[in-house]
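Residue-level listing of the chains:
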Amino acid sequence: MPTQPPLPPLLTPYVSSLPPSSLTLLSSVLGATGNWLVLRFLHAALSQPSTSDGALGFSDSNNGKKRKVVLVSFLRGWEFWRAEAKRLGLDLARLTDKRQFAFIDGLSELFAAPPTPSPSHTSPTHGAVPPRTVLPLRSQPGPVPARGPQPARPVATPPNPPVSREIGPVKRLHLSGNGTSALDGLERDITAVINDLRTSTTPGDEQGETEVLLIIDQPDLLLAATGPGRGIGATEMGDWVMGLQQHIHATLLTLSADSPLIHNASAFAHQPTTPLETEHAAFAIGSAHRAHMVMQLRNLETGAARDVSGVLRVSKGGAWGQSSVDDHWEEKEVLYFVQRDGGVSVFGRGE
Amino acid sequence: MSFRKRNIGLSTGVDRTAAVNGTSQPAPVSAAPESVPGVRPSPDDGRPTTSTGTPSLDNLLAGHGGLPIGKLLLVEENGTTDFAGALLRYYAAEGVVQDQKVHVVGMPEQWGRSLPGLLGPADAVDDKQDKRKGERMKIAWRYERLGEFGAGIAGSRAPVAAGDQSQAAADPSVDKRPAFCHAFDLTKRLTHPSITNLNYIPLTPSNEPLLTSTLKRLQAAIASCPPSTVHRVVIPSLLNPAIYPPETSQPDNLLPFLHSLRALMTTSGARITTMITIPLSLFPRSAGLVRWMEILSDGVIELCPFPHSSDALGSSGAATSQEEPPQGMLKVHRLPVLHERGGGSDQNVGQDWAFTLSRRKFEIKPFSLPPAEGDKEGQEAAASGGMPKKAELEF
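What comes next concerns the included structure. Owing to the predicted nature of the structure, the values given are computational and were not obtained by experimental measurement.

**Some words on the overall build of chain B**
For chain B, the helix and strand inventory stands at 14 helices and 14 strands. Per-residue burial for chain B yields a buried fraction of 41% across its 395 residues. Restricting the contact set of chain B to residue pairs at least 6 apart, pairs at least 24 apart contribute 75%.

Below, the structure is given as structure tokens:
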């Protein structure tokens, strides 16, 4: 059992309530990955307030709204997230069955040769992709009936739950085509899952507003692995994220911010820059400007320590203060330590 | 504040219970031996691991005692030496000996014929050396097996009892349990019945991008095996221009390949481990592409061999005359599983490591600078020439 509460008290104001239509950026480096923090966001959004969290006093931030989470992961599979969430006491498979959570797998078949059914229901319908300005049109419930038979509805059909424990409810993304049309295909798939999750209600639920949090885990892989050769650059990626943001309550974006990926793009770098580096830097910095909060994870500058995993710095992003909701958090830099049992302790320097 | 102190005490209490778990774990393992040779549960969290063929590298991997199944280890090497290639050969040879399916990408069959010869289980070879070591004076014996299987979890409390238990558990199990890791001799050639099972995936140009067709061939080879097979994918010197055409180092070729490889390895039911080496002199770590390769890998270690000119430093770097001098530094940038979770709590992280490649083994041990031996000369020179004598200072 973890000695720490699943959500360290110092972190609570940062992860528990995200302002509406906000973008939160979580940047990580090679030796300080952000999966543990993503799991804390998941926990804050999905855990039942009736448990010990209610005593911590942030159940009021829910104020009756139902929270749902869509997790799009480009680097890790369902098995990883399920196992790690279980260590926090979150049963993602059960939450999926309860239609509170949906996982979108961007790892398994992203670059695989598309099977026959996939292009048939994506590309022909939107063969001529309209300009990006008309994107809101897609949020109309058009795609939802089309997807009706496809997603598993575990409440209706008894034989489905054992299947869904494996890969049943997991939507797998395919990248096909070039440029914005490829990204549009991904966006369509993700939006369909979001709408599906939003409209679905389990019996016994009271009506109420549904807040959907979208977590996009390392979409920078898309950018790095396609590059200008396939017509996907920082601008297209930024538009893609913005297009997704229109459908949801809040967005959490995780990116890599290793120094070769950020600083090589500068004109003062000592070596020639590759398009990979310039595009990555542009995407990361552009996202930071559009975010209301930026959480940076990095290694300890003074070398590794046995009881410190890294440094977490929370700062205001470029879009801070644009929402009318008063932000009840302050900029802070703290140390964190991920224990072997999965528990995390967060503390200030010298504490 | 005082509560905080007590909390720290409590957390070590949890460590102690973990130690109890750790010492009690070998018992069920030996009671119900793994059906698959060469795979054992990690002492840390029980996930299946397999050996890299190098015992000290196994011990480096975040307390799992081996490379967890489904993980990808990237070995980077500076300079023109081929220490990483030796690690890779041990890894492939271990797979051959354990009857696992080894897939070699981009290398001719000659590579497989030069795998190092088998000496026997690594424990047995170690034991012989232990006897020799036993004659020597021991200082701080309880640190001797630091970082090895189980030792990392056993706390500093009651080390005697823990040691006794693990020895008692280990001694009868040596003969019963199949060896997890073997020792190899680099000067001999491996002759094992299953060496013909090596699967070579040559890089033959086709109308598809090279890495795409390579991956497809790998997928087909893995799919054609029975599902219980344990696979090892060996990719020596990835991106090396002597083997790979220049367009493979384009991000839109290489990164989808690694991503798909990662996807292939994490599919449920598959039992695949991969080891890749890349030459850092051609593709420096400060490049974005290499950083992305590292992000896509589960474990990243970097070998920095000492240049020849520092042989003098190397020879004095050995603590005793019996130890061999280190041949280079080893840096750990990322460890499987540990860093995926957030990282940092391993005792091996942040250490300075040195490696020594001898005929029989690749050994990784903590690096320590020797006492400065050449200083005496410097002092004499300073005394005779540099510093003015007292008499000269008189006015």
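Picking up where we left off.
**A word on the overall build of chain A**
Assigned secondary structure in chain A consists of 13 helices and ten strands. A buried classification covers 46% of the 351 residues belonging to chain A. Counted over contacts in chain A with a minimum sequence separation of 6, partners at least 24 positions apart contribute 76%.

**A word on the sheet that holds strand 2 (residues 66-73) of chain A**
Residue and element names in this part refer to chain A. Here we have ten strands laid out as an open sheet, ordered 4-3-2-5-6-1-7-8-9-10, and mixed in their pairing. Two strands bound the open sheet, and with one partner strand each, they are strand 4 (171-172) and strand 10 (344-347). With seven bridges connecting them, strand 1 (residues 22-28) and strand 6 (residues 250-256) associate as parallel partners. Pairing of Leu26 across the sheet is with Thr254, part of strand 6. Set on the sheet, helix 13 (residues 275-290) makes contact with strand 1, strand 6 and strand 7 (293-298); between it and strand 1 the angle comes to about 140°.

**Things to note about the sheet that holds strand 13 (residues 353-357) of chain B**
Residue and element names in this part refer to chain B. With respect to topology, nine strands assemble into an open sheet ordered 8-5-9-10-4-11-12-13-14, the strand pairing being mixed. The open sheet has two edge strands, strand 8 (199-201) and strand 14 (362-366), and neither has a second partner. Strand-to-strand twist of the sheet, defined as the mean angle between neighbouring strand axes without regard to direction, takes the value 25°. Taken together, the five bridges between strand 9 (residues 231-235) and strand 10 (residues 272-279) define a ladder with parallel strand orientation. For Ile235, the partnering residue across the bridge sits in strand 10 and is Ile276. Packed onto the sheet, helix 8 (residues 210-223) meets strand 5 (101-105), strand 8, strand 9 and strand 10 and runs at close to 160° relative to strand 8.

**Quick look at the nonpolar core**
Judged by nonpolar contacts, the single largest core of 160 residues is most densely connected at Val70, Leu213 and Ile215 of chain A together with Val234 of chain B. Per element, the largest residue contribution to this core is ten residues, and it comes from helix 4 (residues 83-97) of chain B. Sequence-distant contacts of Val234 of chain B, that is, excluding residues within four places in its chain, are made with Leu88, Tyr91, Ala92, Val102, His103, Val104, Val105 and Met275 of chain B.

**With respect to the pairing of strand 13 of chain B**
All names here are of chain B. Taken across its five residues, strand 13 has four buried, putting it largely inside the fold. For strand 12 (residues 328-334) and strand 13, the ladder comprises three bridges, and the chain directions are antiparallel. Bridge assignment links Leu330 to a residue of strand 13, and that residue is Trp353. Count of turn residues in the strand 13/strand 14 antiparallel hairpin: four residues.

**A closer look at the interface of chain A and chain B**
If you look at the interface, chain A gives 45 residues, while chain B gives 34 residues. Elements supplying a minimum of two residues to the side of chain A that touches chain B: helix 2 (35-46), helix 4 (78-87), helix 10 (220-226), helix 12 (259-262), helix 13 and strand 9 (332-338) of chain A. Broken down by element, the residue count for the side of chain A that touches chain B peaks at four residues, all from helix 10 of chain A. When grouped by side-chain class, the residues that make up the side of chain A that touches chain B number 19 nonpolar, 19 polar and seven charged.

**Concerning helix 10 (residues 288-296) of chain B**
For helix 10 of chain B, the buried fraction is high: nine of the nine residues fall into the buried class. Listing the buried residues of helix 10 of chain B in full gives Gly288, Leu289, Val290, Arg291, Trp292, Met293, Glu294, Ile295 and Leu296 of chain B.

**Observations concerning the environment of Arg67 of chain A**
Residue position: Arg67 of chain A is located in strand 2. As a C-alpha pair, Arg67 of chain A and Phe41 of chain A span 26 residues in sequence and 12 Å in three-dimensional space.

**Quick notes on the packing of helix 9 (residues 179-199) of chain A against helix 11 (residues 234-245) of chain A**
Residues and elements named next belong to chain A. Between helix 9 and helix 11, the shortest axis-to-axis distance is 10 Å and the interhelical angle comes to 20°. Considering the angle they form, helix 9 stands roughly parallel to helix 11. Both helix 9 and helix 11 take part in a crossing whose hand is right-handed. Side by side, helix 9 and helix 11 meet where Gly179, Thr180, Leu183, Glu187 and Ile190 of the first sit next to Glu236, Trp240, Gly243 and Leu244 of the second. Residue composition of the contact of helix 9 with helix 11, by class: four nonpolar, three polar and two charged.

**Some thoughts on unusual backbone geometry**
In this structure, Gln218 of chain A is a non-glycine residue whose phi angle is positive, near 55°. Summarising the element assignment, Gln218 of chain A is placed in the loop between strand 5 (210-217) and helix 10.

**Structural notes on the environment of Val39 of chain B**
Along the chain, Val39 of chain B turns up in strand 1 (residues 39-41). A sequence separation of 14 residues divides Val39 of chain B from Gly53 of chain B, and the C-alpha atoms of the two residues are 12 Å apart.

**Focus on helix 4 of chain A**
When we look at burial in helix 4 of chain A, the residues that qualify are Trp78, Trp81, Glu84 and Ala85 of chain A. Angularly, the buried residues of helix 4 of chain A cover 145° about the axis, an arc narrow enough to put them on a single face. On its buried side, helix 4 of chain A packs onto helix 2, strand 2, helix 5 (92-97) and strand 3 (101-105) of chain A together with helix 12 (338-341) of chain B. Just beyond helix 4 of chain A, the residue with positive phi is Gly89 of chain A, at close to 90°.

Definitions and cut-offs
- Residues numbered from 1 in each chain as written.
- Chains lettered and ligands numbered in written order.
- Predicted model: local features only at pLDDT ≥ 70, side-chain atom pairs only at ≥ 80, totals over all residues.
- Helix = DSSP H or I, 4+ residues; strand = E, 2+ residues; numbered from the N terminus.
- Buried ≥ 20, exposed ≤ 12 C-beta atoms within 10 Å, placed from the backbone.
- Contact = placed C-beta atoms within 7 Å.
- Pairing = 2+ DSSP bridges.
- Axes fitted to C-alpha atoms, helices over the stretch in contact; angles between N-to-C directions.
- Core = buried A, V, L, I, M, F, W, Y, C linked by C-beta atoms within 7 Å.
- Nonpolar A, V, L, I, M, F, W, Y, C, P; charged D, E, K, R; others polar.
- Parallel < 35°, antiparallel > 145°, perpendicular 65-115°, else oblique.
- Left-handed = near helix turned anticlockwise from the far one by under 90°.
- Arc of directions from axis to C-beta.

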